[in-house]
Each structure stands twice: as C-alpha cells, then as structure tokens.
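Fold and contact review
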Amino acid sequence: MSPAKLPSIRVFEEFLFRQADLLDSRNWDDWIALFADDGVYWMPLKPEQQDAENYPSIFLEDKALMAARVARLRDANAWGQQPPTRTVHLIANVRLDSGNGNGDIVVRSNFTVAEFRRDVLRHHAGTYTHHLRRAGKSFRIAMQRVDLINCDGVHEYNLQVFI
Amino acid sequence: MSMKGVSIGSLVQPDRVHRSLYVDPELFERELDQIFGRAWLYVGHESQVPNPGDYITTQLARQPVIMVRHTDGAIRVLHNRCSHHGSMIAGDRCGHVASVFTCMYHGWTFRTDGSLVGVPVPEDYEGTGFDVRNPRNGLGSVARVHNYRGFVFASLAAEGPEFTQFAGGALLGFDNMIDRAPDGVEVAGDCFRVIQHSNWKIFLENMFDNVHPRIVHQSSARGAKTAQQRFPAGAANHISLETFRLLALDQSFMQRLEIENYPWGHSNMSGFVSPRGQDAEWLAYEAVLRERHGEERAEQILSRNFHHTMIYPSAVLQPSFQQLRIVKPIAVDRTQIDIWLFRLKGAPKIVFRKALSYANGANSPSNMVSADDFESYYRVHQGLAGPGSDWVILSRQMGRDVVENGTVRTRVGSSEASQRNQFQAWRRYMIDEDGDAR
Ligand code: FES
Ligand SMILES: [Fe+2]
C-alpha cells in the first residue's frame, strides 16, 4: 500500500488512544477484540530484540494467554490485585513507519504509563510498534510490540496488567 | 554469645522458627557473612564466557565479582575491585577484553587471571614498599571455585566442604537437566531480574510448599481454564497454561509429590507437569536421547521429573523446563531473583518451545503466577514485622518423614520437611559447635 493511500495520522492516533483508554478503564474484553485472531502482544526482554522464538520475552501473548491474564485480573481471589492496579497512559510522537512486508501498516509511538498500586506510584516509558491490519473501516492489531526503556533492567514489581 | 539477650540457636526449633529470622536487619548482616559468605553460591554458566577474555559480572553476598575465561581456557572468579583504590574493574553485566582489564580510574591493568600487568607512573611507587612490578599485587580471587559440568559455583570461604560433598543429592537435579541435552546445555539469552519485597528465605521455603498453590494460584488456575475453553487451539501451545490449571486441583494431587532433603539445606521435589509429549517432534527428541544414552538410561532420564532442585541458599533449578532461579539477598526485606533459561543443545525445537513457554509464562517479570506468590511473600514479611507474635509454625507432617543416612524423605507432598531442613542448615551456619553465634 502506498503511503498516499493511508488515512491521516490522526486516525492512527485515535486508534492508539482508544487502545490505551481501554486498558486504563480495565475494559480488557474490548481491548482484546482490537487484536486480529492471530494477534500478538509482545514485550521483548532486550532492546532491538528480533527473535521471540529462541530467547525469552517479558510478555509474548496470543489471545489465549491474554484471556488467561484477564480472567485472573478479574478473579475475586487474585490476591495480587488486592488492591488493584491503576494505570494512566500518555501516547505521543505517533508516526508511520515503513510497512512490515505483510501489507500491515506499521505505526510507532512513544508512551509513558503511570502505574499505581498499594501506595506505590511508578513510571514506565518506552516505544510502541503497532502492526495494523485493515479490517473494514478500522484496523486489527497483528502485533503490539512494547519496548520498555528498562526492559533488561531489574524489575521492581511484577507487571500484572498490559502496558 | 547472644544477640539482644536471645541466643541465635534458640530462634530455630525443630517445629518452629522465630519471626526475627525474617525481619531483623542485624541477623540479615550475619547471614551475609555466615551463610552467603561460606556456602557454595552459583556464579554463572560456562556458555556465557565461551572465549578467552569473555566475562560476566555478578555479586556473591556483598562481593562484586567477575567470572572470566582466562587464556588457559579455565574460568576464574575474580574480585571486581581494583587492587589500587578499589574501583570496580568491569562496569557492565558482560563483555570481552582483548588482552587485559584496564581500570577506568587510574589505568592499572590486569590479566584475566587477575595478575597485575602495569600502572601508569611506576616511579611513584619506588621505595614506598608497594611493589607495582609484582603480578601478585593484582585482583583478588574468590577463595574456591568449582565448575560442575559447566555450572560455575564459588565459595567466598577458604574452608568448608568441597563442592560435590556440599551439594550432595541436589546434584541429581542438575545431572538430570544436563543429561536431557544431547549435546550439552547453554544459556538462552539474558536473564529476567525481579525484586521481591520480602526476605530471601520466604522465597526458598515457598519453592517446596505444596499447600499454597490451590489457595494462592486459584485465580491463575481459573484463568488458564477460561483460556483453554475459549481458545482451545491457542491454549494447547502453552504448557504454562496447563501448569497453571494443575495448580488448583484437589490437594490429593499435590500430596503425591515427593521431596527429598539433604544436609546444608538442599532439596529435590518431584514434578507434577511433564514436558513429555506423544507428537512426532517430541518422540524424535526421545529417539536422539536413546541414541546418546542407550534405551534404559534415556528412559531413566526422561521419567525422572524434578519440579525444583535447590542448592541452598542460592540456586533453584527446574530441570524438566531448564530454568534456574538465583537468589541474591539485597536487604532484609528485599531479594533479587535472576532467572536463567537454558537450551538443550542438539534437541529438536519442541523442547525449547516448551521451556520458553514456561519461562515467559511462569518466570518472567509479567508472569501471573508469581504476581500472587510475590503478594504472599510481601504479606508474610509485613505480618512478621509486627512484634506482637513470635513464632512461625513449620510442623506439617512433623515426625512422619522418613530419615535415612542424613536424607529426609517426605511421605506426602504437604510436609514441611524442606522448610525444617532449610532452617536446620541455617542454624548450622549461624552457630558454632558450642551453640554460640559465629
Ligand atoms: S582505582 Fe583502579 S587504578 Fe586507581
Ligand atoms: Fe506459588
């Protein structure tokens, strides 16, 4: 697809903002529905990591794993969610990247996420790379890659929710 | 000798331990000296330093160290501390030096066996009594190093049992993992590093606690079930989900697990989920193993399923899924765990895929199982910080375990034999023959 045929950047921004809003409002069913059936949420362990099959990742979740995580987060006896995690996403610097060769549109953006749980406020920052597949008037996420700037650092707390 | 009027020996009783073991900062400092300062601690794997000059850095108790392959091919464990003014020599977690380490502060240089090569202005030292030309004035080395089939352990103490005698039965688990590899094992990428906001002993006890899973992990088990129902095809690819589901079965399932406990606090526990499959790829792997080891031996290796193997106090191995968790106590209420994944060289891809699913799903910083484990460790630590009640009860199946030649074998999985055994080792490290604090 030639860049000339792409919708305006504003359309992608709105998609990303909605994605973030669904996470912040714990509306995970609608969030998972943004993904293609074979969509993947990937958070590499290393910066520039290309290979998720031969090396470990912080998250590497298809819809089955996403569903398991979400069911736990909602479970009345998920002790690690007592008290629950709250998040606020800020997304900026949204820009189009060259395609991934599969016809998907690749959109990159920067994020900061404030996460609060049990009196501790912490910040995540990094880059999103979204591989978006056209679906009717909108898109489905084929891949949401989340590169934390501290991906290979020491993680102070368990990452219970999607970033 | 006593601490605040209480003898340390009396804090550990056969069936209970005093809460101060978990929360007293002074005891924590003593543990760093007496336990982590003397035990054999895991340093790294030889595959991390394949060539001369390759190194990694880590910390043993309070001591920063460099594990480096010297020009003679042997692995050295050096103090990461310049012999001049103390600066750490290596500042990265891993790297390579072509010939020498150069200190970034005043430029002293060292060979990869630690020996001193030179200093920038040697005349400064003439007649001072310090000989900068003596190679022995270089980097210190840890007192003892043992390379066990590629796994490098070190002890900061010159005295003590030698490694194989120390590790004893826990080597069965390490052997089992290594023997599963047709062509040896290697580290797969970097490790996960996570912090627990709790005392290090709470984690090690939990590794052998078979009553907590159905309580702590019920939400993960239900989550896994939901996923298996909604996305059966996708879920079948994830052995992590199957593991989570099994965590909350009836207690009789966990009662079948066997735990063997050895001197110095080590344990082996049998597994409840096996990587073995019936698909062609997995069977091809078993065929390769039979080719290497012979029919009988291969079956022995594959059917011996360890869930956890612990070399107290630093290493917990999961032999069937090739993961190794390393305990690094940072403070009395702060514990770092480094989690390494290994690849069985020469095995078909399916073997690694299962290990990777287990690593990403059950050991990564995002894993949902440890979200609830860490919560329980935190709550235990916070509860024990209160001075209101003193004792932690460890008497499940007390007196019913089978003792044979220093090995304690449980009759049922819920026994707290491992926890009792860990604290007997703790006591042995912390007090001398007369019952006095070391
Ligand atoms: S501290 Fe290393 S050269 Fe001075
Ligand atoms: Fe657990």
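Parameters at a glance
Here the residue index of a chain counts from 1 through its sequence in written order. All chains are assigned letters beginning with A, and all ligands numbers beginning with 1, in the order in which they are written. Note on the predicted model: pLDDT of at least 70 is required for a residue's local features to be given, and 80 or more for side-chain atom pairs to be given and counted; whole-chain, interface and lining totals, by contrast, use all residues. Values shown for side chains rest on all heavy atoms present in the structure; no hydrogens or waters enter the calculation. Secondary structure is summarised from DSSP: a helix means a run of H or I of at least four residues, a strand means a run of E of at least two, and numbering begins at the N terminus for each. All radius of gyration figures rest on C-alpha atoms, and the globule criterion is 2.2 Å times the number of residues raised to 0.38. Per-residue accessibility, obtained with a 1.4 Å probe over protein chains only, is compared with the maximum for each type, and a residue is labelled buried under 20%, exposed over 50%, and partly exposed between these values. Only heavy atoms matter for contacts: two residues are in contact if any of them lie within 4.5 Å across the pair. All accessibility values rest on the Shrake-Rupley procedure with a 1.4 Å probe; residue burial counts only the protein chains present in the view. A positive count includes Lys and Arg, and a negative count includes Asp and Glu. His and the chain ends are not counted in either. Taken as the charge centre is NZ of Lys, CZ of Arg, CG of Asp or CD of Glu, depending on the residue. Under this scheme, a helix contributes an axis fitted over its contacting stretch, all axes are lines through C-alpha atoms, and angles between N-to-C directions fall in the 0 to 180 degree range. Orientation labels follow simple angle bins: below 35 degrees gives roughly parallel, above 145 gives roughly antiparallel, 65 to 115 gives roughly perpendicular, and whatever is left gives oblique. Gly is put with the polar residues, along with every residue not named as nonpolar or charged; the nonpolar set is Ala, Val, Leu, Ile, Met, Phe, Trp, Tyr, Cys and Pro, and the charged set is Asp, Glu, Lys and Arg. Take the buried Ala, Val, Leu, Ile, Met, Phe, Trp, Tyr and Cys residues and link them wherever side-chain atoms come within 4.5 Å; each set so joined is a nonpolar core. Each metal's donors are the N, O and S atoms found within 2.8 Å of it, except that Na, K and Ca use a 3.2 Å limit; water is left out, so coordination can look incomplete. Only protein atoms enter the 1 Å grid used here. Points where a 1.4 Å probe fits but cannot escape make up a cavity, open sets with protein on both sides within 12 Å along at least five of seven lines make up a pocket, and a residue lines them when an atom lies within 4 Å of a point. Grid points are joined across faces, edges and corners, and a volume is the space filled by probe spheres set on the points. Domains are outlined according to an automatic or database domain assignment. Two parts placed together each lose some accessible area under a 1.4 Å probe, and the buried area is that loss summed for both. The salt bridge criterion pairs a side-chain nitrogen of Lys or Arg with a carboxyl oxygen of Asp or Glu, the two atoms within 4 Å. The definition of a polar contact used here is a pair of N or O atoms within 3.5 Å, where within protein one atom must be able to donate a hydrogen and the other to accept one, and adjacent residues in sequence count solely through side-chain atom pairs. Here the aromatic set is Phe, Tyr and Trp, taking the six-membered ring for Trp, and pairing holds for ring centres within 6.5 Å; pairs whose planes are under 30 degrees apart are stacked, those over 60 apart are edge-to-face, and all others are tilted. Both a distance and an angle decide whether a charge sits over a ring: NZ of Lys or CZ of Arg must be within 6 Å of the ring centre and within 35 degrees of the ring normal.

1. Describing the overall build of chain A
Secondary structure assignment for chain A yields three helices and six strands. Mapped in sequence order, the helices and strands of chain A form the string α-α-β-β-α-β-β-β-β. Relative to a compact globule of 163 residues, whose C-alpha radius of gyration would be 15 Å, chain A shows 16 Å and is just as compact. Each of the 163 residues in chain A was classed as buried or not, and the buried ones make up 51%. For chain A, contacts bridging at least 24 residues in sequence account for 59% of all contacts bridging at least 6. Per element, the accessible surface of chain A, about 7,400 Å² overall, is 52% carbon and sulfur. Of the side-chain charges in chain A, 20 are positive and 21 negative, and the distance between the mean point of each set is 4 Å.

2. Section: the packing of helix α3 (residues 63-74) of chain A against helix α14 (residues 368-385) of chain B
Between α3 of chain A and α14 of chain B, whose axes approach to 10 Å, the crossing angle comes to 30°. Between α3 of chain A and α14 of chain B, the interaxial angle falls into the category roughly parallel. In this structure, α3 of chain A uses Ala 68, Arg 69 and Arg 72 of chain A to contact α14 of chain B, whose residues at the interface are Met 368, Ala 371 and Asp 372 of chain B. Split by residue class, the contact of α3 of chain A with α14 of chain B holds three nonpolar, no polar and three charged.

3. Quick word on the nonpolar core
Formed by 155 residues in total, the largest nonpolar core has its most connected members in Trp 31 and Tyr 41 of chain A together with Phe 151, Ile 311, Leu 324 and Trp 426 of chain B. Ranked by the residues each element gives to this core, the list is headed by helix α13 (residues 349-362) of chain B, at eight residues. Residues in contact with Ile 311 of chain B, not counting those within four places in the same chain, are Trp 40, Phe 153, Phe 163, Phe 166, Ala 167, Ala 170, Leu 171, Phe 174 and His 266 of chain B.

4. Brief notes about the coordination of the iron ion (ligand 2)
All names here are of chain B. Surrounding the iron ion (ligand 2) are the protein donor atoms His 212 (NE2), His 217 (NE2), Asp 373 (OD) and Asp 373 (OD), which sit 2.1 to 2.5 Å from the metal. All donor residues of the iron ion (ligand 2) come from one chain, and their arrangement in sequence is H-x4-H-x155-D. Given a relative accessible area of 14%, His 212 falls into the buried group.

5. Thoughts on empty space enclosed by the protein
Gaps left between atoms show up when a probe the size of a water molecule is rolled over them. Residues and elements named next belong to chain B. Per the stated rule, a full pass over the model turns up two cavities of 30 Å³ or more. Empty space within the largest cavity amounts to approximately 380 Å³. Along its surface, the largest cavity is lined by 32 residues, and His 307, His 308, Arg 325, Val 369 and Asp 373 are the ones closest to its centre. For the lining of the largest cavity, the secondary-structure elements that each account for two or more residues are β14 (192-196), α5 (200-206), α9 (239-247), β17 (306-311), β20 (334-344), α13 and α14. The greatest single-element share of the lining of the largest cavity, amounting to five residues, is contributed by α14.

6. Looking at the side chain of Ser 198 of chain B
Residues and elements named next belong to chain B. Tracing the backbone through its elements, the reader meets Ser 198 in the loop between β14 and α5. Given the relative accessible area of 0%, Ser 198 is considered buried. Those residues in contact with Ser 198 that lie beyond four places of it in its chain are Val 332, Asp 333, Arg 334, Thr 335, Tyr 377, Tyr 378 and His 381.

7. Brief notes about the environment of Gln 196 of chain B
All names here are of chain B. Looking at the secondary structure, you find Gln 196 in strand β14. Gln 196 sits 138 residues away from Arg 334 along the chain, and the two C-alpha atoms are 5.8 Å apart. With residues near it in sequence (within four places) discarded, Gln 196 still touches Phe 203, Asp 333, Arg 334, Thr 335, Ile 337, Phe 374 and Tyr 377.

8. Notes on the domain arrangement of chain B
Reports of interface size often rely on the accessible area that becomes lost once the parts have come together. Residues and elements named next belong to chain B. You can read the domains of chain B as domain 1 (41-148) and domain 2 (168-388). Spacing between the C-alpha centres of domain 1 and domain 2 amounts to 34 Å. Contacts between the two partners involve nine residues from domain 1 and, on the opposite side, 17 residues from domain 2. With both sides pooled, the region where domain 1 packs onto domain 2 buries about 1,100 Å², and carbon together with sulfur makes up 58% of that total. Contact with domain 2 buries surface across domain 1, with Tyr 42, Arg 93 and Tyr 148 losing the most and accounting together for 57% of the total. For the interface between domain 1 and domain 2, the tally reads one salt bridge. For Arg 93, the salt bridge is made with Asp 190, and the minimal N-O distance between the two is 2.8 Å. One can count five residue pairs in polar contact (both at pLDDT 80 or more) joining domain 1 with domain 2. Among the elements of the structure, β3 (40-45) and β4 (54-60) are those that each provide at least two residues to the side of domain 1 that touches domain 2. Ranked by residue count, the leading element in the side of domain 1 that touches domain 2 is β3, at three residues. For the side of domain 1 that touches domain 2, a count of residues per class yields three nonpolar, five polar and one charged.

9. As for the packing of aromatic side chains
All chains considered together, the criterion is met by 31 aromatic pairs over all chains. Ring geometry for Phe 153 of chain B against Phe 174 of chain B: centres 6.0 Å apart, planes inclined by 70°, an arrangement best described as edge-to-face. In this pair, Phe 153 of chain B is assigned in strand β12 (residues 151-155) and Phe 174 of chain B in helix α4 (residues 171-179), connecting sequence segments 21 residues apart. Each of the two residues, Phe 153 of chain B as well as Phe 174 of chain B, counts as buried. For the pair Phe 166 of chain B and Trp 264 of chain B, a centre-to-centre distance of 6.0 Å together with 40° between the ring planes defines the contact as tilted. Of this pair, Phe 166 of chain B sits in helix α3 (residues 163-167) while Trp 264 of chain B sits in the loop between β15 (259-261) and β16 (267-270), placing them 98 residues apart in sequence. Here Phe 166 of chain B matches Trp 264 of chain B in class, with each residue buried. Put simply, the rings of Trp 40, Tyr 42, Tyr 148, Phe 151, Phe 153, Phe 163, Phe 174 and Phe 342 of chain B pair up and form one aromatic cluster. Over the ring of Phe 162 of chain A we find Arg 69 of chain A, and its NZ or CZ is 5.6 Å from the ring centre. The ring of Trp 282 of chain B carries the charged tip of Lys 354 of chain B above its face, separated from the ring centre by 4.7 Å.

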